[in-house]
Amino acid sequence: MEPIMIRRPPTVVCYICGREYGTKSISIHEPQCLKKWHNENNLLPKELRRQEPKKPEVRAITAKGFYDLEALNEAAWTSAQSQLVPCDVCGRTFLPDRLIVHQRSCKPKAAKSECLQRGGRFPREEKTK
């Protein structure tokens, strides 16, 4: 007996939060997500506040007249990832509200070893000759 392949309905990535939503619900989600983004951004210290994310403009119509969801989703994912802020100590990236929490435990001397133990990634260090 052959396995039955169930096709997953198409999803669209939110350009603000990076989560996937159905093609019908994304138009409901985005205004709510943007409102939440503004509320959270206004609560941050001034140095962590960001400019409002802009919906990426992508030529999303294929030659056959269909939407190119892959191109739309890639641009939306890139937009959502650009919202991340690096930690000054270890270089890992976080949403601004989570960076504040991370910075409480990220200590300058032990930051690299502690974050590595937790599976963190660091920017590549320059090798000096």
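Look above for the structure.
None of the values given here were measured: they were computed from a predicted structure.

A few words on the overall build of the chain. Within the chain, the secondary structure is distributed over four helices and four strands. Beginning at the N terminus, the succession of helices and strands in the chain can be written as β-β-α-α-β-β-α-α. Expressed as a percentage of its 129 residues, the buried residues of the chain come to 26%. Restricting the contact set of the chain to residue pairs at least 6 apart, pairs at least 24 apart contribute 34%.

So, on to helix α1 (residues 26–43). In this model, α1 (18 residues) spans 25 Å end to end at C-alpha, consistent with the 26 Å of a helix rising 1.5 Å per residue. All of the buried residues in α1 are I26, H29, E30, C33, L34, W37 and N41. Looking straight down α1, one finds its buried side chains confined to an arc of 130 degrees; they lie on one side. Of the exposed residues in α1, the ones pointing more than 90 degrees away from its buried face are I28, P31, Q32, K35, N42 and L43. Those residues of α1 that are buried are in contact with β1 (11–13) and β2 (20–22).

How each quantity is defined
- Residues numbered from 1 in each chain as written.
- Predicted model: local features only at pLDDT ≥ 70, side-chain atom pairs only at ≥ 80, totals over all residues.
- Heavy atoms only, no water.
- Helix = DSSP H or I, 4+ residues; strand = E, 2+ residues; numbered from the N terminus.
- Buried < 20%, exposed > 50% of the residue type's maximum accessible area, 1.4 Å probe, protein only.
- Contact = heavy atoms within 4.5 Å.
- Expected span 1.5 Å × (residues − 1).
- Arc of directions from axis to C-beta.

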